[in-house]
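# Structural overview
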Amino acid sequence: MFRILAATTFILAAPAATAQDAAEGEKVFRKCKACHMVGEDAKNRVGPVLTNVVGRPAGSYDDYRYSSSMEEAGEAGLVWDEESIFEYLADPRAFLRSYLDDPKARAKMTFRLSDAQERRDVIAYLQSLSPEDSAAVAPEAPHAAEVETAATSLCVRNLNTHAHFFAVEARGADRRTATLDPGERLCVDGDTGKTGMVSVFESAEGFEGCSRLVPVGETEDMLRYVDFDRCFWSSNT
Ligand code: HEC
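Residues numbered from 1 in each chain as written. Predicted model: local features only at pLDDT ≥ 70, side-chain atom pairs only at ≥ 80, totals over all residues. Heavy atoms only, no water.

### So, the overall build of the protein chain
The number of helices and strands found in the protein chain is seven helices and eight strands. Burial analysis of the protein chain (237 residues in total) assigns 44% to the buried set. Restricting to contacts in the protein chain with at least 6 residues of sequence separation, those with at least 24 account for 51%. Of the roughly 12,300 Å² of accessible surface on the protein chain, 51% is carried by carbon and sulfur atoms. (Helix = DSSP H or I, 4+ residues; strand = E, 2+ residues; numbered from the N terminus. Buried < 20%, exposed > 50% of the residue type's maximum accessible area, 1.4 Å probe, protein only. Contact = heavy atoms within 4.5 Å. Areas by Shrake-Rupley, 256 points an atom, 1.4 Å probe, with all protein chains shown as cover.)

Now the structure itself:
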């Protein structure tokens, strides 16, 4: 985790650096800390430990007493990924009711996070906490680009209508940058099972941009660039 965050700080070394999803998410996570712990010595509190929650079956952390609804959701096959956590955080009870198709389902988590950007950021932060040798991250629904991507390459593709300046990086590989015209792709090789990062910047000289943590083996599509801290990516729409 620290390596990824450190690398991020390094690229966006300008003081005005903004828009690192995971870094913003760490701040948002303060709201969760009332009930949840993360990290090496984390213990269950009001809520379960959230280290490595992305890719984990719901209701499965050792020695935590989940609500029966959460246990049922886990038994029914719910595995936490970006999308399900995104919906869960907005309204845990509504999420469980809809997932279980049970209007009486009850959520033990009473907290809601309505701001969508905060939810994306905190999920990026939680993703960045997955231990290095965990291959447990659940594969996302496959999209077309993934099929053509080699298992060891991490790519970013510009699906916006204008050219933009991009960077891709993964552990053990040099960071690569390029200006990509619409439809163009930039890749680096990385270690399978690890996470790398893709970024888009205001300009080749600019330090401000949006980043996403992406598993090696996937192509992240940058769908729309609004401004330096608002971008739409294929994994967060
Ligand atoms: C007021 C306490 C509280 C706060 C604040 C809170 N949670 Fe929770 N959370 C819980 C409880 C309690 C559960 C167990 C839910 C159940 O068993 O139904 C839970 C469960 C979860 C789960 C499912 C974990 C699993 O192992 O299945 C996730 C994911 C989660 N919380 C994320 C968050 C995030 C992210 C935040 C901050 C944005 C947050 N929570 C804030 C109390 C809280």
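On we go.
### What about the state of the cysteines?
Overall, the coordinates contain two disulfides when judged by the stated rule. What pairs with Cys-210 in a disulfide is Cys-231, and their sulfur atoms sit 2.0 Å apart. As the torsion about the S-S bond is roughly 65 degrees, the Cys-210-Cys-231 disulfide counts as right-handed. One end of the pair, Cys-210, is in strand E6 (residues 209–215); the other, Cys-231, is in strand E8 (residues 230–233), with 21 residues separating them in the sequence. Of the two residues, Cys-210 and Cys-231, both sit in the buried class. With its bonded cysteines labelled in order along the sequence, the protein chain shows the pairing 1-2, 3-4. (Disulfide = S-S within 2.5 Å.)

### Section: the nonpolar core
Ranked by internal contacts, the top residues of the largest apolar core, which has 27 residues, are Trp-80, Tyr-88 and Val-122. Elements with a minimum of two residues in this core: helix H3 (68–75), helix H4 (82–90), helix H5 (92–100) and helix H6 (116–128). The element best represented in this core is H6, accounting for four residues. Not counting residues up to four positions away in its chain, the partners in contact with Val-122 are Gly-25, Val-28, Phe-29, Cys-32, Leu-89 and Leu-113. (Core = buried A, V, L, I, M, F, W, Y, C linked by side-chain atoms within 4.5 Å.)

### Brief notes about the sheet that holds strand E3 (residues 176–180)
Read from one edge of the open sheet, four strands run E3-E2-E5-E6, paired in antiparallel fashion. In this open sheet, the two edge strands, each paired with only one partner strand, are E3 and E6. Neighbour to neighbour, the strand axes of the sheet diverge by 20 degrees on average, direction disregarded. As judged from the five bridges shared by strand E2 (residues 164–169) and strand E5 (residues 195–201), these two strands associate in the antiparallel manner. Of the residues in E5, the one forming a bridge with Phe-166 is Val-200. (Pairing = 2+ DSSP bridges. Axes fitted to C-alpha atoms, helices over the stretch in contact; angles between N-to-C directions.)

### Section: the coordination of the iron atom of the ligand
The protein atoms that coordinate the iron atom of the ligand are His-36 (NE2) and Met-109 (SD), at distances of 2.0 to 2.1 Å. Viewed at the metal, the six donor atoms of the iron atom of the ligand are separated by angles of 86 to 179 degrees, and the geometry they form is octahedral. With His-36 in the loop between helix H2 (21–28) and H3 and Met-109 in the loop between H5 and H6, this residue pair connects regions lying 73 residues apart in the sequence. Judged by relative accessible area, Met-109 falls into the buried class, the value being 19%. (Donors = N, O, S within 2.8 Å, 3.2 Å for Na, K, Ca; no water. Tetrahedral: all angles 85-135°; square planar, octahedral: opposite > 155°, others 65-115°.)

### Description of H2
Asp-21, Ala-22, Gly-25 and Val-28 are the residues of H2 that are buried. For H2, the buried positions fall inside an angular range of 105 degrees around the axis, keeping them on one side. (Arc of directions from axis to C-beta.)

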